[in-house]
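Spelled out from the first residue to the last, the chains are:
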Amino acid sequence: MNAVRSDGESRAVPLKRRLRYGTVASLIMLAGLGVTGSPYHRVGPGPVIQVGGPADGSWSVTTVRIRRSTWFQWAVAELSGERTIRGGGDSSPATATATDRAMGTAQTNAVLVAAQLAARRTPGGGTGLQVTDAAPAIGLRPGDILLAAGDAEDLAPLRTQADLRTAPRRTGLRVLVVPRSSDDSWGKAEIRRIPAARLARVRARPDVSATAYPLGAVRGPSAGLVLALARADALTPGDLTGGRRVAGTGGIGPDGTVTGVGEVADKVRAAVAARADVFFVPVWQRAAATAAARGTGVRIVPVRSATEAVGWLCATGGHAPIC
């Protein structure tokens, strides 16, 4: 019996060593995976940013956060159900420039759409010309945006400097202006009578730039719809939110059309975490938003345009002159 015990012990020693070495090797491998970058990025809800200042409710831009991951973090994300994407979150200078440009376009379109909505006009679809030099004789200042010119309500979009010289030379020439105020914001669109000869001398550029609300490091086009609604609300009396916490996502065209965006489900989850009441989403992405909001108190409202979103708000408790 002693011999048997002795043989068993002699065979057990190498086995224990192998197990110990295997455990150490596994720990070393896991440690390596914990610090080694993978080609995958984790996608999840980001911060919710409030814009504007309605009387009772709130307007919120929802975001997503894309984080680089190690192989270990990727494995944990896969097991937990967190979404990962391959090659996402490209931070190259070219990509950063493109997303910054998209945000700039969204901000500008939001300003122009809001200015026309606040004036109870259907957004015209052009980005116009931006005044570069003051023209006090006709009430224009640098930063003002000239959208269209023409006779009475027959206004043609302004796209180039030459358009200012070829505008109808009539006494009743009217120009649709989005005025820039001293606090670096833009007001409601206004129809002004400007003599054609003086309009022809105005210096303006076609690369229009305006900001509805600063959003810091946020990039991309998806804040456009909420920025336009919040700005239109700020330009008019009353409270378009109807006292609700309104969030949403969707790009915005110069004619107020709502365009599709990415990561809708995670933006809905961000709105849920912020306890939003309403979430606007491009109509084509209704299914993803509805699925993400299922079982929560967030109401998903799919829309095709900023005008449609305003109509829904007015019909469900919002109160403002644009209703």
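I will try to describe carefully the structure that is included in this document. Residue positions are counted from 1 within each chain, in the order its sequence is given. It should be noted that, the model being predicted, local features are given only for residues of pLDDT at least 70 and side-chain atom pairs only at 80 or more, the latter also being counted only at that level, while totals for whole chains, interfaces and linings use all residues. Computation of side-chain values covers all heavy atoms of the structure but excludes hydrogens and water.

## Quick notes on the overall build of the protein chain
Piece 1. Strands here mean DSSP runs of E at least two residues long; helices mean DSSP runs of H or I at least four residues long; both are numbered from the N terminus. Secondary structure assignment for the protein chain yields nine helices and 14 strands.
Piece 2. Accessible area is worked out with a 1.4 Å probe on protein chains only. A residue is then buried under 20% of its type maximum, exposed over 50%, and partly exposed in between. Out of the 323 residues belonging to the protein chain, those deemed buried represent 44%.
Piece 3. In what follows, residue pairs with any heavy atoms lying within 4.5 Å of each other are defined as contacts. Across the protein chain, the fraction of contacts at a sequence separation of at least 24, relative to all contacts at a separation of at least 6, is 67%.
Piece 4. Using a 1.4 Å probe, the Shrake-Rupley method yields the accessible areas, and only the shown protein chains count as cover for residues. With the model as given, the accessible surface of the protein chain reaches about 16200 Å², and the carbon-plus-sulfur share is 54%.

## So, helix 8 (residues 286–293)
An α-helical turn contains 3.6 residues, so any two residues separated by three or four positions project in the same direction.
Piece 1. For helix 8, every residue scored as buried is listed here: Ala289, Ala292 and Ala293. The buried residues of helix 8 all sit within an arc of 95° when viewed along its axis, so they share a single face.
Piece 2. For helix 8, the secondary structure elements touched by its buried residues are helix 7 (264–273), strand 13 (278–282) and strand 14 (299–303).
Piece 3. Among the residues trailing helix 8, Gly295 stands out with phi positive, at a value near 85°. Of all possible arcs, the one meant is that of the directions from the helix axis to the C-beta atoms.

## Overview of the nonpolar core
Piece 1. As used in this record, nonpolar core signifies buried Ala, Val, Leu, Ile, Met, Phe, Trp, Tyr and Cys residues forming a set joined through side-chain atoms within 4.5 Å. Counting 47 residues, the largest nonpolar core has Val51, Trp59, Ile145, Val178, Leu225, Leu227 and Phe280 as its most contacted members.
Piece 2. Counting residues per element, the ones that place at least two in this core are strand 2 (58–70), helix 3 (93–118), strand 5 (145–151), strand 7 (173–178), helix 6 (224–234), strand 13, strand 14 and helix 9 (306–315).
Piece 3. Considering every element that reaches this core, the biggest residue donor is helix 3, with eight residues.
Piece 4. Ignoring any residue separated from it by four or fewer positions in sequence, one finds Phe280 in contact with Leu225, Leu229, Val246, Ala247, Gly248, Thr249, Val301, Val303, Ala309, Trp312 and Leu313.
Piece 5. Within the second largest apolar cluster, 18 residues are counted, among which are Ala135, Ile138, Leu140 and Leu199.

## Side note on the environment of Ala309
Piece 1. Looking at where Ala309 falls in the secondary structure, it is placed in helix 9.
Piece 2. The exposure class of Ala309 is buried, given its relative accessible area of 0%.
Piece 3. The contacts of Ala309, once residues within four sequence positions are left out, are Leu225, Leu229, Phe280 and Val303.

## Side note on the side chain of Gln116
Piece 1. Within the fold, Gln116 resides in helix 3.
Piece 2. Using a relative accessible area of 2% as the deciding quantity, one classes Gln116 as buried.
Piece 3. Polar contact criterion, stated in full: a pair of N or O atoms within 3.5 Å, where within protein one must be able to donate a hydrogen and the other to accept it, and residues adjacent in sequence count only if both atoms are side-chain atoms. Here Leu112 takes part through its backbone oxygen, which lies 3.0 Å from a polar atom of the side chain of Gln116.
Piece 4. Leaving out residues up to four positions away in the same chain, Gln116 has contacts with Arg121, Thr122, Pro123, Gly124, Leu147, Leu176 and Ala189.

## Points about helix 9
Piece 1. Taken as a whole, helix 9 has its buried residues at Ala306, Ala309, Val310, Trp312 and Leu313. On an axial view of helix 9, the arc spanned by its buried residues comes to 160°, and they lie on one face.
Piece 2. Gly317, located one to two residues past helix 9, shows a positive phi value of around 120°.

## Some words on the pattern of salt bridges
Piece 1. We define a salt bridge as a side-chain nitrogen of Lys or Arg found within 4 Å of a carboxyl oxygen belonging to Asp or Glu. Evaluated as defined, the whole model comprises seven salt bridges.
Piece 2. One salt bridge connects Arg205 with Asp207, and the closest N-O pair in it is separated by 3.4 Å.

## Examining the side chain of Thr249
Piece 1. Looking at where Thr249 falls in the secondary structure, it is placed in the loop between strand 10 (245–248) and strand 11 (251–252).
Piece 2. On the basis of relative accessible area, Thr249 is assigned to the buried category, the value being 0%.
Piece 3. With near-sequence residues (within four places) excluded, Thr249 lies in contact with Thr62, Ser222, Leu225, Val261, Val264, Lys267, Phe279, Phe280, Val281 and Pro282.

## What to know about the state of the cysteines
Piece 1. A pair of sulfur atoms, both from cysteines and within 2.5 Å, is called a disulfide here. Per the counting criterion, the structure on display carries one disulfide.
Piece 2. Each disulfide pairs two cysteine sulfurs, and for Cys314 the partner residue is Cys323, the sulfurs being separated by 2.0 Å. Taking the torsion about the sulfur-sulfur bond, which here is approximately -80°, the covalent link between Cys314 and Cys323 counts as left-handed.

## Brief notes about the packing of aromatic side chains
For any two aromatic rings, the description comes down to two numbers: the centre-to-centre distance and the angle of the planes.
Piece 1. Planes of paired rings set the category: under 30 degrees apart is stacked, over 60 is edge-to-face and the rest tilted, where pairs are Phe, Tyr or Trp rings (Trp by its six-membered ring) whose centres lie within 6.5 Å. In this structure the tally under the stated criterion is one aromatic pair.
Piece 2. For the ring pair Phe280 and Trp312, a centre distance of 5.8 Å and an interplane angle of 85° mean the geometry is edge-to-face. Of the two residues, Phe280 is situated in strand 13 and Trp312 in helix 9; the sequence distance between them amounts to 32 residues.

## Some remarks on the pairing of strand 7
Piece 1. Within strand 7, six of the six residues are buried, which leaves it mostly tucked inside the rest of the structure.
Piece 2. Alternating residues of strand 7 divide into Leu173, Val175 and Val177 and Arg174, Leu176 and Val178, and every residue in both groups is buried.
Piece 3. When DSSP finds two or more bridges between two strands, those strands count as paired. Strand direction decides the pairing type here: strand 5 and strand 7, joined by six bridges, are antiparallel. From the neighbouring strand, Gly150 faces strand 7, where its bridge partner is Arg174.

Nothing here speaks to function; it is geometry throughout.
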